[in-house]
Amino acid sequence: MKVKIKVWRQKNQESKGGFKVYDSPELNSNMSFLEMLDVINEDLTDQGEEPIAFDHDCREGICGTCSLVIDGKPHGPHQGVATCQTYMRSFEDGDIITVEPFRADPFPIIKDLVVNRKPFDKIIQAGGFVTVRTGSAPDANAIPISKEVADTAMDAAACIGCGACVAACKNASAMLFVGAKVSQLNGLPQGQAEKDNRVLNMVAAMDEAGFGNCTNQYECSAVCPKLITHDFISQLNRDFVAATVRKSFKSKPSTAKL
Amino acid sequence: MNIVTALLKTSIGKKIIMALTGAVLIGFIIGHLVGNLQIFSDPEKINAYAHFLQGLGPALWLIRLFLLLCVGLHIWMAVLLWCENKKARSQSYTASHTIQASYASRTMKYSGFIVLAFILYHLAHFTVKATNPEYNEMMWTLADGTVVPDVHLMMVAGFSSLTVSLFYLISVGLLSFHLSHGFQSMFQSVGLRTETWGRALKVISIVLSLAYFAGNAVIPLSVLTGKVSRPDSSIEAVAESVSSHLNTPSG
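What comes next is a walk through the structure. (Residues numbered from 1 in each chain as written. Chains lettered and ligands numbered in written order. Predicted model: local features only at pLDDT ≥ 70, side-chain atom pairs only at ≥ 80, totals over all residues. Heavy atoms only, no water.)

1. Side note on the nonpolar core
All names here are of chain A. Of all hydrophobic cores here, the largest spans 74 residues; its most connected members are Ile 5, Phe 33 and Met 88. The element best represented in this core is helix α1 (residues 33–46), accounting for 7 residues. Beyond its immediate sequence surroundings of up to four residues, Phe 33 is in contact with Leu 68, Ile 70, Thr 83, Thr 86, Tyr 87, Met 88, Phe 91, Ile 97 and Val 99. (Core = buried A, V, L, I, M, F, W, Y, C linked by side-chain atoms within 4.5 Å. Buried < 20%, exposed > 50% of the residue type's maximum accessible area, 1.4 Å probe, protein only. Helix = DSSP H or I, 4+ residues; strand = E, 2+ residues; numbered from the N terminus. Contact = heavy atoms within 4.5 Å.)

2. Details of helix α8 (residues 162–189) of chain B
All names here are of chain B. Compared with the 40 Å implied by 1.5 Å per residue over 28 residues, the 39 Å span of α8 between its first and last C-alpha is a close match. Bending of α8 peaks at approximately 30° at the position of Leu 179. Note on α8: the residue one or two positions beyond its end, Gly 191, has a positive phi of about 85°. (Expected span 1.5 Å × (residues − 1). Bend = angle between axes of the 7 residues up to and from the residue.)

3. Some thoughts on the interface of chain A and chain B
With 51 residues of chain A at the interface, the matching set in chain B holds 40 residues. Between chain A and chain B, roughly 3,600 Å² of surface is buried when both sides are summed, and carbon and sulfur atoms account for 49% of that area. A salt bridge links Asp 231 of chain A to Arg 193 of chain B, with the shortest nitrogen-to-oxygen separation between them at 2.8 Å. Our count for the chain A to chain B interface comes out at 34 residue pairs in polar contact (both at pLDDT 80 or more). (Buried area = accessible area lost by both parts, 1.4 Å probe. Salt bridge = Lys/Arg side-chain N within 4 Å of Asp/Glu carboxyl O. Polar contact = N/O pair within 3.5 Å; in protein donor to acceptor, adjacent residues only side chain to side chain.)

4. A closer look at the pattern of salt bridges
Tallied over the full model, the rule gives 14 salt bridges over all chains. Asp 112 of chain A is the salt-bridge partner of Arg 9 of chain A, the closest N and O atoms lying 3.2 Å from each other. Of this pair, Arg 9 of chain A sits in strand β1 (residues 4–9) while Asp 112 of chain A sits in the loop between β6 (109–111) and β7 (114–115); the two residues are 103 residues apart in sequence, bridging distant segments of the chain. For the pair Arg 9 of chain A and Asp 112 of chain A, a shared accessibility class is recorded, and that class is buried. Of the charged contacts, one joins Glu 49 of chain A and Lys 20 of chain A as a salt bridge, the two residues approaching to 3.5 Å between their closest N and O atoms. Within this pair, whereas Glu 49 of chain A is found in the loop between α1 and β3 (69–70), its partner Lys 20 of chain A is found in strand β2 (residues 18–23), the two being separated by 29 residues in sequence. Its relative accessible area of 29% is what places Glu 49 of chain A among the partly exposed residues. The structure contains a network of salt bridges with shared partners spanning Asp 231 of chain A together with Arg 193 and Glu 195 of chain B.

Such coordinate-based values are descriptive only and should not be taken to indicate function.
Structure representation (structure tokens):
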């Protein structure tokens, strides 16, 4: 099979980008989308043209490095799949496929399809730490956790931080990412000690980075390669309300007044 | 950070303001509709009800100010959020793609603005009576002898106009549409929606919006089809009184 790709080319953050159309060589339909880009890049290199820059790492759907908006949908046509595990058999011979970078002002374009997702790292940093007992290893299962709580925390922890939620949201909101990262720890007994500070600080970092606001349309969860549910956005809102109310009324220790 | 700064300054806070003011406004429009449905009873009933509301005095003004505050905050936050959202995605995609966002949710700002235009007209029409000064002449004598504004006649006269009725139908239609997303959205914004009852919430939201539209639509339709009417004499009396006012040389 052969396809044409209409791809965004941009030299660097400052320069103005634009679309360019490239013909692919003969492809094996079982190639992944990224492998298709690889072979086009080989051609481009042979022709002395700059290859298309795109992010990729594990290529098995677990690292969250690959991005791309394919025909308007982050991570391509399927549900619950990252770009690296989207295969050319999902397209028709002769298709013209539009490939754009994730578009969000907090994610500036570095080159072509590569964007800077550093604000996500800042949000994670703002989440702070989890207090754990140091010294000898604790007894396994010393802290009782119900299966449901553990499973829900695991659902949230499945987030690979790729940023597709931001890319899909018409407001470039990071609420699904932040919701997942907050809920992952806030639901567990180990995460209780820093619960309120965690949610307040992470939301502050999210706002600081300039992400948009959630309008409850749930395009984020629809494109999430890990199928993170927007229940975690609701959970984030609830934790934020509770933390704000508690912080506003709770008496503070004398050291906080220094 | 205290509650006020959290509400006004954070992204989640602004959405909570949208949700809470929206909840108040939904409560108001439902109460307003129930009040209006008294048009199907004797004119005495709705006129007495309107007189009772007018008679609340300072309480009426407190309620009005509170509602105005809610409408103001709802619009102010909507504009702020919209500006921030535009700023977060200054360059849009070439290929657009919508997966599960409802049409109502994507058109909230348009339905909202048309409803605002309608509210302004509605206040000018029935509350201030600026568009129709002859409504000031419409009076009704209650059973106890008090002479009060004839709200029933005002409604019948207003909806006798096809243009007014059409604008009204379109506006309440858009308001119901706005509500179909707004009602379920407010539960998500304050963190009360979960997938466990999300489907039920969606159904409740749509049923509520349809019921609200039906309740409102039935009023102008009943007037236009003559199901709710007043003897021609009462309308003519007003027309005569207005024309005699106009013919009386002033000064």
